[in-house]
Amino acid sequence: MSKSPMSKKRCISTADTKPGSNHSSAPFIPVEAPTAPANEMAKKENEADIDEVLYSRQLYVLGHEAMKRLQMSSILISGLRGLGVEIAKNIILGGVKAVTLHDQGNAQWADLSSQFYLQEEDVGKNRAEASQPHLAKLNTYVPVCAYTGPLTEDFLSSFQVVVLTNSPLHEQLHVGEFCHSHAIKLVVADTRGLFGQLFCDFGEEMVLIDSNGEQPLSAMVSMVTKDSPGVVTCLDETRHGFESGDFVSFTEVQGMSELNSSPPVEIKVLGPYTFSICDTTTFSDYVRGGIVHQVKVPRKINFKSLTKALTEPDFVMTDFAKFSHPPHLHVAFQALHQFCSQHGRLPRPQNQADATEMVGLAQVVNEASPPHVKQKNLDEELVQQLAYMATGDLAPVNAFIGGLAAQEVMKACSGKFMPIMQWLYFDALECLPEDKETLTEDSCHPRQSRYDGQLAVFGSDLQEKLGKQRYFLVGAGALGCELLKNFAMIGLGCGEGGDITVTDMDTIEKSNLNRQFLFRPWDVTKLKSDTAAAAVQQMNPQMHITSHQNRVGPDTERIYDDDFFHALDGVANALDNVDARMYMDRRCVYYRKPLLESGTLGTKGNIQVVIPFLTESYSSSQDPPEKSIPICTLKNFPNAIEHTLQWARDEFESLFKQPAENVNQYLTDPKFVERTLRLAGTQPLEVLEAVHRSLVLQRPHDWADCVTWACLHWHSQYANNIHQLLHNFPPEQLTSSGAPFWSGPKRCPHPLIFDVTNPLHLDYIMAAANLFAQTYGLTGSKDRGAVAALLQTVHIPKFTPKSGVKIHVSDQELQSASASVDDSHLEELKTMLPSPEKLPGFKMCPIDFEKDNDNNFHMDFIVAASNLRAENYDIPPADRHKSKLIAGKIIPAIATTTAAVVGLVCLELYKVVQGHQRLEAYKNGFLNLALPFFGFSEPIAAPRHKTEHKLEITMLSQGVSMLYSFFMPATKLKERLDQPMTEIVSQVSKRKLGRHVRALVLELCCNDDNGEDVEVPYVRYTIR
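Values in this document were obtained by computation on a predicted structure and should not be read as measured data. (Residues numbered from 1 in each chain as written. Predicted model: local features only at pLDDT ≥ 70, side-chain atom pairs only at ≥ 80, totals over all residues. Heavy atoms only, no water.)

1. Some words on the sheet that holds strand E20 (residues 545–548)
- Here 8 strands make up an open sheet; going across it, the order is E20-E19-E18-E21-E22-E23-E24-E25 and the pairing mixed. Unpaired on one side and paired on the other, E20 and strand E25 (933–937) mark the two borders of the sheet. Sheet twist, expressed as the average angle between the axes of neighbouring strands with direction ignored, equals 10 degrees.
- Pairing of strand E18 (residues 470–474) with strand E21 (residues 570–573), which is carried by 4 bridges, proceeds in the parallel orientation. Residue pairing across strands places Leu473 opposite Ala572, the latter belonging to E21. (Pairing = 2+ DSSP bridges. Helix = DSSP H or I, 4+ residues; strand = E, 2+ residues; numbered from the N terminus. Axes fitted to C-alpha atoms, helices over the stretch in contact; angles between N-to-C directions.)

Structure below.
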């Protein structure tokens, strides 16, 4: 229940946002992709294989090549306070070669507010050494060691990437110059209270393999002109989606065949269906067809050193509403370093003298800045706020900046995704109390408490409120683990009367360990909620947490009832499906509770905050439904691997699940046939024929029968059906307009000839036969040699195409066709079915598709079935990895995005707990770490309605019970008007109300003064 598909809501569209569009453009130099990091020391003599089970979801984000480069990179992380440990956690989970933790300082009380691997007993111990055992357990493939010596040049030279956190400016400059001159990539990260800073220097010749990580686009060509430049027109079924500057290649072009063999060519977009290419005047005339493919061309980008970038900064915007902040913060952070250098300490919390001094230092820094950096009117209030909270250390800010920084490290190692060029500044000052007067030096003074880093920003009042909160967390997967960690660090529910309830019915799988960081290998098969709750109690023993294993929904409303919700202060969703989110949204609207909503999809993430009476709810806006593949395309005219994979999934269901379910119903339910005959269209015939096949025509008695069935089915699908299709529509067929029938999206197929020596053909037989045997409870076999021998004995009847077989060309034609069923044939089928009494004890075993078990033949069948069909239609096949992604509808996921998104969620939590009333204080967020892109928006306001409507109630109901209607007899109406509402509901529904029911939901039908129906919301009737 952890990851959430970004289908809902307002996802950032990479088609609308060019990589790097919010920073200065890097010079474009096409190059060849490297096979290893630029630093030669990264090479491994024996390259380890990728654990595709552990890294499965991350592999769908990075890809195998990027993952291999990641596994060849050693990383140094200097500074193990809250930010450093967050970065280290994400990088170790990501699977680099090795990580070294560096810190020469000892743990302090203030560290405990965000350093989740330090305990109270660690205060006074070296931070790196205390953290190392915990971080080393995150990923057994990544060696983690601690180092407490100085950062010498000899020591630095053994790393591919160096990360500096909590580092003075003079150290940053010294290390930065060495790294820049020795092709070592550098990331500098810092957080101060509600402020964050990030800097990247990946050298002068970093090779960027893929700027956005999106799957390469392709489109079908309808025309290419002979011109300079030539203009390509694509079929107008869908927009091509290309952007100017993209590179493309061509295949299957007829006539202008020179395009098929030309290297990738750069394009200029002319419209949604057209773009220009190279000079085509010397090419042959275009005839028809062709597919254009986007090609990811590697290129070099260069970075300035830290010394140079200080005076020539380029900024990545994190919040366009704060467009002016980055240059002022650039000056302010330099002033902060000067203050620390002069005093040997940070400015004290809310200390006016220190803040005034730092403003003066900032003015000096600003005056000494080059003209293009110097600010005409320095934002002194911004500088002052940085001084006020410089000692602050907040887990949510560290989670956000730490997620970004770790992603930049992965970019540096792999060349995958556009890096930050080169400065990023962030602030969340809207989290401060709306009444700033409540923040005083006394209230923010350190108290030798684990929350000192948070007290320095918000004072003691908020800490007390946080401790008393009662929150419901739905989901304990990746998002849930990160939320629980942040809850523990900020002290949510850790005080008197406070409590966190977390529910998740799932158990831990190995693939979870790559991003659900509260779990370890020995936790596999344990319950997520119990394990996560125990883990965060180790992080903060003061936490009050209760774990459940319930699915949220109508079935559990007796558990999560009125009393439960009335006691809550808010809800946080960490769900992986829209239906469950919408259910929780309805519950929160009903009980008037704040809801924190978030989701991730690879490097993309979103957050939404829902406040009763202030913002719209989660369900207030809906994404358009996903575009489905037309039935006729799936059945007869596929043109992409996605089509053949969906066809294979449908095959799986129709062969190994639905028939077995129908048979079992037929054998156990006397009214099954009667109900089936009432189904619409041809469904009765299809269902009864399937039952007849399963019980009579195709019922196997042994393993050999299963192999025979698989072989015959192979011939039916990949040879006979294709022969029939080509009989109906020969390759040379023309449409009524004279155009070739087999053109455009219709690819002309060819039948396959079975070859037992072809591995793909035998793969299909092995998988199909074993699955077929499972549905009948028969024992299968993995002996390919024995199966090959059995296949030699199978007799394949000669197939002759039939005349009069109707094959629909389009879904419109399919829908308009009259679906008539011969009643006499149905009656005949009924008589041919064996009586259930003659099959005592017989039961079939329906198979539910499970993508993550590589030994159950499920994905074996999908891959073989899809690729065989792709071969029929000359569609490029897909490997097992890609097939599992598409057929299994896997949501790509990576720990960095999860950390960053949850950091933003918990910043909104600060506002919710304080009770912020200004709509503009809250922020819905959208990010794509690959581009990188960050966007924040004010939530849409809750709709306002007038209070007096002058409506007449015509009907009143509760659930399915009609309590009142305008046509009700007068005597019954009079009787009910004198009864309590609870008594009426119990009487009409014939059910006694449970003790847990504290309110009723009443539905109204109303008319206005003109007698017109008016739609009105439900009424919540509270029972006193």
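2. Looking at helix H13 (residues 452–468)
- Taking 1.5 Å per residue, 17 residues should reach 24 Å; H13 reaches only 18 Å between its end C-alpha atoms and comes up short.
- In the structure, H13 departs most strongly from a straight axis at Phe458, where the bend amounts to approximately 115 degrees.
- Most of H13 sits inside the fold, with 12 of its 17 residues counted as buried.
- Taken together, the buried positions of H13 are occupied by Asp452, Gly453, Gln454, Leu455, Ala456, Val457, Phe458, Gly459, Leu462, Gln463, Leu466 and Gly467.
- On its buried face, H13 sits against helix H11 (380–388), helix H14 (478–490) and helix H30 (895–914). (Expected span 1.5 Å × (residues − 1). Bend = angle between axes of the 7 residues up to and from the residue. Buried < 20%, exposed > 50% of the residue type's maximum accessible area, 1.4 Å probe, protein only. Contact = heavy atoms within 4.5 Å.)

3. Re the packing of helix H28 (residues 858–872) against helix H29 (residues 880–887)
- Where H28 meets H29, the closest approach of the two axes is 10 Å, and the angle between their N-to-C directions is 100 degrees. In terms of their interaxial angle, H28 and H29 are classed as roughly perpendicular. Along the contact surface, H28 presents Met859, Asp860, Ile862 and Val863, while H29 presents Arg880, Ser883, Lys884 and Ala887.
- For the contact of H28 with H29, the per-class residue count stands at 4 nonpolar, 1 polar and 3 charged. (Parallel < 35°, antiparallel > 145°, perpendicular 65-115°, else oblique. Nonpolar A, V, L, I, M, F, W, Y, C, P; charged D, E, K, R; others polar.)

4. Considerations on empty space enclosed by the protein
- For the coordinates displayed, the defined rule picks out 5 cavities of 30 Å³ or more.
- Here the largest cavity defines a volume of roughly 100 Å³.
- Arg81, Gly82, Leu83, Gly84, Thr165, Asn166, Asp190, Thr191, Arg192, Gly392 and Asp393 together form the lining of the largest cavity.
- Secondary-structure elements contributing two or more residues to the lining of the largest cavity are helix H3 (82–94) and strand E5 (185–192).
- Around the second largest cavity, the lining is made up of 14 residues, and of these Glu430, Leu904, Glu908, Lys923 and Phe936 lie nearest the centre.
- Secondary-structure elements contributing two or more residues to the lining of the second largest cavity are strand E17 (423–427) and H30.
- Looking at which element gives the most residues to the lining of the second largest cavity, the answer is H30, with 4 residues. (1 Å grid on protein atoms, 1.4 Å probe; cavity = no way out; pocket = protein on both sides within 12 Å on 5 of 7 lines; lining within 4 Å. Points joined across faces, edges and corners; volume = space filled by probe spheres on them.)

5. Regarding the nonpolar core
- With 166 residues, the main nonpolar core has Leu194 and Leu484 as its most contacted residues.
- Among the elements that line this core, the one with the most residues is H30, at 12 residues.
- Sequence-distant contacts of Leu484, defined by excluding residues within four places in its chain, comprise Leu473, Ile500, Val502, Leu518, Ala532, Val536, Met543 and Ile545.
- In terms of nonpolar packing, the next biggest core, distinct from the first, is built from 71 residues, Phe637, Trp742, Ile807 and Ala865 among them. (Core = buried A, V, L, I, M, F, W, Y, C linked by side-chain atoms within 4.5 Å.)

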